[in-house]
Amino acid sequence: MNRLTTTVLAAALGCAGVLVAGPAAGAAPLGCQYKVLWPTAGVYENPNPNSVVVKTKHAGDIVGASTCEGAGWNEYGYVLVATDAAADGRGWMRAEAVVQI
């Protein structure tokens, strides 16, 4: 009975021009999100310590990207974060400065 009522209601609202939507089909995955642990942490243009810092994040800030990429430079590990400050929209943060949430 409940399924029939829902179907009839959806059809009636659809005919009345009311948008009926369910869960977003094909919604983009969240990717990876991180919380900044360090008091201040740089967002680098490239994943190496000699790269330009394009932005600074602070403890408690949430950062992330649509993919979970990582990179390394000698003993330093980096995670990918999205940022408008980088030329290609891809910034890199030290892996030790963040924790995945």
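Everything that follows concerns the structure shown earlier in this document.
Residues numbered from 1 in each chain as written. Predicted model: local features only at pLDDT ≥ 70, side-chain atom pairs only at ≥ 80, totals over all residues. Heavy atoms only, no water.

Trainee: Run through the nonpolar core, naming residues and quoting values.
Mentor: If you look at the biggest cluster of nonpolar residues, it comprises eleven residues: Cys32, Tyr34, Val36, Ala41, Val43, Val63, Val79, Val81, Met93, Ala97 and Val98. Elements with a minimum of two residues in this core: β1 (32–36), β2 (40–44) and β6 (76–82). Broken down by element, this core gets its largest block of residues, three residues, from β1. Non-local contacts of cysteine 32, meaning those with residues more than four positions away in its chain, are made with Val63, Gly64, Ala65, Thr67, Cys68 and Gln100. Core analysis: the second largest hydrophobic core is formed by five residues, Tyr44, Tyr78, Leu80 and Trp92 among them. (Core = buried A, V, L, I, M, F, W, Y, C linked by side-chain atoms within 4.5 Å. Buried < 20%, exposed > 50% of the residue type's maximum accessible area, 1.4 Å probe, protein only. Helix = DSSP H or I, 4+ residues; strand = E, 2+ residues; numbered from the N terminus. Contact = heavy atoms within 4.5 Å.)

Trainee: An account of the pattern of salt bridges is requested, with residue identities and associated values reported.
Mentor: Opposite charge on two side chains permits them to pair, given that their charged atoms come into close proximity. Evaluated as defined, the whole model comprises two salt bridges. As a salt-bridge pair, arginine 94 and glutamate 96 come within 3.1 Å of each other at their nearest N and O atoms. (Salt bridge = Lys/Arg side-chain N within 4 Å of Asp/Glu carboxyl O.)

Trainee: Lay out the sheet that holds strand β8 (residues 98–100) in plain terms, naming residues and giving numbers.
Mentor: The three strands are arranged β4-β1-β8 in an open sheet whose pairing can be described as antiparallel. Two strands lie at the open edges of the sheet, namely β4 (62–65) and β8, each paired on one side alone. The mean angle between the axes of side-by-side strands here comes to 35°, regardless of whether they run parallel or antiparallel. (Pairing = 2+ DSSP bridges. Axes fitted to C-alpha atoms, helices over the stretch in contact; angles between N-to-C directions.)

Trainee: Could you give an account of a nonpolar patch on the surface, with specific residues and numbers?
Mentor: A contiguous nonpolar surface patch, about 450 Å² in accessible area, is contributed by Leu37, Trp38, Ile62, Val99 and Ile101. Locating valine 99 in the fold gives a position in strand β8. (Patch = residues over 30% accessible without salt bridge, like charges linked within 9 Å, V, L, I, M, F, W, Y side chains within 5 Å. Areas by Shrake-Rupley, 256 points an atom, 1.4 Å probe, with all protein chains shown as cover.)

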